Amino acid sequence: MVKQNTKEQILSIEEQIKRLKEKQKRILNNTHREIGKYLMDSWEVEDVNEAKGLIDSFNNQVKSLSEASSSKEDNEDEKNFSLNSPKG
């Protein structure tokens, strides 16, 4: 009886994992769709290839800005940590 219960629990967990993976995939697809729509609307672009070209042309700038922003956040975190650390 215990083995059957354990087997049922395992199958139930596997089903939950499967449903959650499907949900994750739907959320990711919806997010990508929403981001794409936002870009095309804000840039007033209707052609997919034109949008891709714009994205490619801005790719390096976006990466540089993202890295600079991340570096700035890291520096602020370190600064806040040192300010909040007890002085010995």
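Residues numbered from 1 in each chain as written. Predicted model: local features only at pLDDT ≥ 70, side-chain atom pairs only at ≥ 80, totals over all residues. Heavy atoms only, no water.

Summing up its helical and strand segments, the chain has 2 helices and 0 strands in all. Per-residue burial for the chain yields a buried fraction of 2% across its 88 residues. For the chain, the computed accessible surface area is about 8,600 Å², with 53% contributed by carbon and sulfur atoms. (Helix = DSSP H or I, 4+ residues; strand = E, 2+ residues; numbered from the N terminus. Buried < 20%, exposed > 50% of the residue type's maximum accessible area, 1.4 Å probe, protein only. Areas by Shrake-Rupley, 256 points an atom, 1.4 Å probe, with all protein chains shown as cover.)

Before going further, it helps to examine a nonpolar patch on the surface. Judged by side-chain polarity, Trp43, Ile55, Phe58 and Val62 come together as a nonpolar surface patch covering roughly 350 Å² of accessible area. Here Trp43 shows up in the loop between α1 (2-42) and α2 (48-84). By relative accessible area, Trp43 is classed as partly exposed at 34%. (Patch = residues over 30% accessible without salt bridge, like charges linked within 9 Å, V, L, I, M, F, W, Y side chains within 5 Å. Salt bridge = Lys/Arg side-chain N within 4 Å of Asp/Glu carboxyl O.)

Tallying each qualifying case throughout the model produces 1 salt bridge. Residue Asp41 is joined to Lys37 by a salt bridge in which the shortest nitrogen-to-oxygen separation is 2.7 Å. Here the residue Asp41 and the residue Lys37 both occupy positions in helix α1, the gap between them amounting to 4 residues, near one helical turn.

Now for the packing of aromatic side chains. The full count for this structure, using the stated rule, is 1 aromatic pair. Taking 5.8 Å as the distance between ring centres and 55 degrees as the angle between the ring planes, the aromatic pair formed by Trp43 and Phe58 counts as tilted. Remark: Phe58 occurs in helix α2 and Trp43 occurs in the loop between α1 and α2; sequence separation between them is 15 residues. For Phe58, a relative accessible area of 36% corresponds to the partly exposed category. (Phe/Tyr/Trp six-rings, centres within 6.5 Å; stacked < 30°, edge-to-face > 60°.)

Here the focus is unusual backbone geometry. A positive phi angle is found at Glu44, which is not glycine, with a value near 55 degrees. Among the secondary structure elements, Glu44 is positioned in the loop between α1 and α2.

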